[in-house]
Amino acid sequence: MIEAIDVHKSFGDKEVLKGISTVFEKGKTNLIIGQSGSGKTVLLKSLVGLHDVTSGDIRYDGNSFLELNNKSKKRLRQDIGMLFQGSALFDSLTVEENIRFPLDMFTDWSMEKRRERANFCIDRVNLENANAKFPSEISGGMQKRVAIARAIALNPKYLFCDEPNSGLDPRTSIVIDELIHEITVEFGMTTIVNTHDMNSVMGIGENIVFIYKGEKLWEGTKDDIFHVQNKALEDFIFASKLFKKVRDNNGK
Amino acid sequence: MRIFYHLGRYTLFLKKVFGKPEKHSVFVKQIIREVDKLGIDSLGIVMIISVFMGAVITLQTAYNLEMPIIPKYTIGLAARDSILLEFSSTIVGLILAGKVGSNIASEIGTMRVTEQIDALEIMGINPAGYLVLPKVLAFVFIIPFLVIISMGIGILGGFVAGSLTGEVPGPEYIYGIQYAFIPFYIVYALIKSVVFGFIISTISAYWGYHVSGGALEVGAASTKAVVSSSIQILLFNLILTQLLLA
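Bear in mind that the values here come from a model prediction, so they are computed numbers and not experimental data.

Caption draft 1: Structural view of the overall build of chain A. A tally of helices and strands in chain A yields 9 helices and 10 strands. In summary, chain A has a C-alpha radius of gyration of 19 Å against a globular reference of 18 Å for 252 residues, a match within 12%. Along the first, second and third principal axes, the C-alpha set of chain A runs to 60 × 45 × 30 Å. Counting every position in chain A, which comprises 252 residues, the buried fraction comes to 40%. Restricting to contacts in chain A with at least 6 residues of sequence separation, those with at least 24 account for 66%.

Below, the structure is given as structure tokens:
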């Protein structure tokens with residue numbers, strides 16, 4: 001479980017996060033949604049410690065992340081997997097080396113065991129015949145799978161995904177969403193996905209936090225989201241003509 | 001005032017760079033890879049520049065010393081001292097600031113804008129130490145060898161140019177390069193090369209590491225890396241000359 005408690009974040013005079021408090025539950029796919037520029041990515045990066053928060057607290061299973069010393073932070077980070085918007089694979093390493101990288105750095109396992117674990121992760125994300133390829137030689141969807149495989153290599157407790165569908169076609173987006181959800185349930189992780197894709201919301205949104213101009217405006221499940229009377233959230237959901245049509249047809 | 005900002009940030013960056021490496025075996029492999037990438041790959045350009053540099057120094061000296069009372073071997077002597085004292089360390093340093101400096105800045109800058117550095121940080125790895133320290137150690141280790149090769153090839157270039165044009169007969173040139181030889185000049189050049197290697201690798205890494213934005217900013221960081229490394233090389237060349245030869 002990860003808690004954000006009254007998190008504020010400013011860059012100079014500009015306050016990007018304005019006192020966000022929420023709980024991201026274990027074993028669930030938690031979604032942070034909102035328009036571009038609403039502060040989603042800043043919140044996600046604050047949660048993982050890539051940004052220092054201006055005030056407030058972030059707790060991992062009850063322990064304040066901000067109060068941890070460097071050694072404890074380092075240990076905690078090995079329990080964190082992250083899928084970046086652009087995959088952030090290491091260009092100079094092959095697919096297998098990318099996935100093996102956290103194992104090479106943080107385990108004393110034999111090469112055989114590390115390879116075995118890497119291949120397990122590769123199989124888990126349904127990647128075929130890609131071990132020896134470099135990131136530039138595979139498609140965007142495959143890169144996301146490799147990034148997921150790398151993120152789960154050390155069997156983390158927490159998984160963060162920043163816009164996992166960015167740059168993918170709708171079909172591949174669904175496959176990646178489903179993969180993230182399956183892995184979350186299978187490994188009992190606390191997963192936080194940052195997205196503005198309504199298909200993801202309807203597909204995997206077990207716990208959804210809506211951020212608007214740096215504030216949390218709404219929190220609930222995918223089943224509740226269509227019944228909320230909130231102008232900003234309605235504008236966000238029904239920006240898609242498809243969803244608007246579904247709503248209008250249901251209204252009839 | 002901006003210079004103090006960068007000086008402070010550069011100092012803090014160096015503190016991060018010289019942190020304890022994550023895993024010894026991975027660290028050693030990286031150093032070997034960087035020696036190949038930064039050093040061995042630079043061998044071609046160093047050799048080409050050195051041979052022409054030696055040839056031009058010899059011919060220019062010859063054309064300016066066309067007096068019967070000055071023996072021909074002084075051309076070899078002048079060419080040798082110019083190559084040892086200045087050209088093989090400073091000029092090669094400036095050339096490597098362009099080649100290696102832009103390579104380091106653009107590689108690390110690209111890793112920054114594509115979030116690869118964030119990915120390392122999330123894993124609990126010190127990105128500055130992991131990415132930059134092997135480059136610094138590898139380059140500081142390999143640059144004296146490049147300078148020694150440059151010296152040899154520069155002097156050889158002078159010999160070939162002098163002989164082919166007939167300006168300096170071979171035996172005279174060989175006598176000249178041995179005449180009044182001061183071994184400390186080689187030590188002086190090697191000390192300078194180590195300092196220049198450190199300057200090029202750390203300053204270029206500093207600019208690359210602190211890029212924010214996209215491809216344009218990576219290009220700008222690469223340019224800043226080359227310009228500021230070159231200026232620092234010239235500044236430290238002056239300081240070291242005063243300290244070591246005065």
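Caption draft 2: Summary view of the interface of chain B and chain A. Tallying the contact residues gives 13 residues for chain B and 14 residues for chain A. If you tally residues by element for the side of chain B that touches chain A, the top one is helix α5 (residues 116-122) of chain B, at 5 residues. For the side of chain B that touches chain A, the residue count by class is 5 nonpolar, 3 polar and 5 charged.

Caption draft 3: Representation of the environment of A:Leu159 within the structure. Residues and elements named next belong to chain A. Examined against the element boundaries, leucine 159 turns out to sit in strand β7 (residues 158-162). Along the sequence, leucine 159 and serine 21 sit 138 residues apart, while their C-alpha atoms lie 19 Å from each other. In contact with leucine 159, other than residues within four places in its own chain, are Gly81, Ala151, Thr184, Met189 and Thr191.

Caption draft 4: Spotlight on the environment of B:Val195. Residues and elements named next belong to chain B. On the secondary structure map, valine 195 appears in helix α8 (residues 184-209). Along the backbone, valine 195 and tyrosine 185 are 10 residues apart, and their C-alpha atoms lie at a distance of 16 Å. If we ignore the near neighbours within four places in the chain, the residues touching valine 195 are Phe236 and Leu240.

Caption draft 5: The packing of helix α6 (residues 127-165) of chain B against α8(B), seen in detail. All names here are of chain B. At a minimum axis distance of 8 Å, the contact between α6 and α8 shows a crossing angle of 150 degrees. Here α6 lies roughly antiparallel to α8, going by the angle between them. With respect to the hand of their crossing, α6 and α8 are arranged in right-handed fashion. Mapping the contact onto sequence places Ala128, Val132, Lys135, Val136, Phe139, Val140, Ile143, Pro144 and Val147 in α6 and Ala189, Leu190, Ser193, Val194, Phe196, Gly197, Phe198, Ile200, Ser201, Thr202, Ala205 and Tyr209 in α8. Tallied by class, residues from the contact of α6 with α8 come to 16 nonpolar, 4 polar and 1 charged.

Caption draft 6: Quick peek at the packing of helix α4 (residues 73-113) of chain B against α6(B). Residues and elements named next belong to chain B. Remark: α4 packs on α6, axes separated minimally by 8 Å, with the N-to-C direction vectors making an angle of 145 degrees. Handedness of the α4/α6 crossing: right-handed. Mapping the contact onto sequence places Ile75, Ala79, Arg80, Ile83, Leu84, Phe87, Ser88, Ser89, Val92, Val100, Ile104 and Ile108 in α4 and Leu131, Lys135, Phe139, Leu146, Val147, Ser150, Met151, Gly154, Ile155, Gly158 and Gly162 in α6. Its residues placed into classes, the contact of α4 with α6 shows 15 nonpolar, 6 polar and 2 charged.

Caption draft 7: Representation of the nonpolar core in the model. Within the largest apolar cluster, 122 residues are counted, with the highest numbers of intra-cluster contacts made by A:Met82, A:Ile148, A:Ala149 and A:Phe160. Apart from the residues lying within four places of it in its own chain, the contact partners of A:Met82 are A:Val48, A:Ala151, A:Phe160, B:Ala119 and B:Ile122.

Caption draft 8: Here's a closer look at unusual backbone geometry. All names here are of chain A. Despite not being glycine, aspartate 61 has its phi angle at roughly 45 degrees, a positive value. Position of aspartate 61 among the secondary structure elements: in the loop between β4 (55-60) and β5 (63-64). With a phi close to 45 degrees, glutamate 163 is a non-glycine residue in the positive phi region. Position of glutamate 163 among the secondary structure elements: in the loop between β7 and α6 (170-187). Residue classification places glutamate 163 among the buried positions, given that 21 C-beta atoms sit within 10 Å.

Criteria and thresholds
Residues numbered from 1 in each chain as written. Chains lettered and ligands numbered in written order. Predicted model: local features only at pLDDT ≥ 70, side-chain atom pairs only at ≥ 80, totals over all residues. Helix = DSSP H or I, 4+ residues; strand = E, 2+ residues; numbered from the N terminus. Rg over C-alpha atoms; globule rule 2.2 N^0.38 Å. Buried ≥ 20, exposed ≤ 12 C-beta atoms within 10 Å, placed from the backbone. Contact = placed C-beta atoms within 7 Å. Nonpolar A, V, L, I, M, F, W, Y, C, P; charged D, E, K, R; others polar. Axes fitted to C-alpha atoms, helices over the stretch in contact; angles between N-to-C directions. Parallel < 35°, antiparallel > 145°, perpendicular 65-115°, else oblique. Left-handed = near helix turned anticlockwise from the far one by under 90°. Core = buried A, V, L, I, M, F, W, Y, C linked by C-beta atoms within 7 Å.

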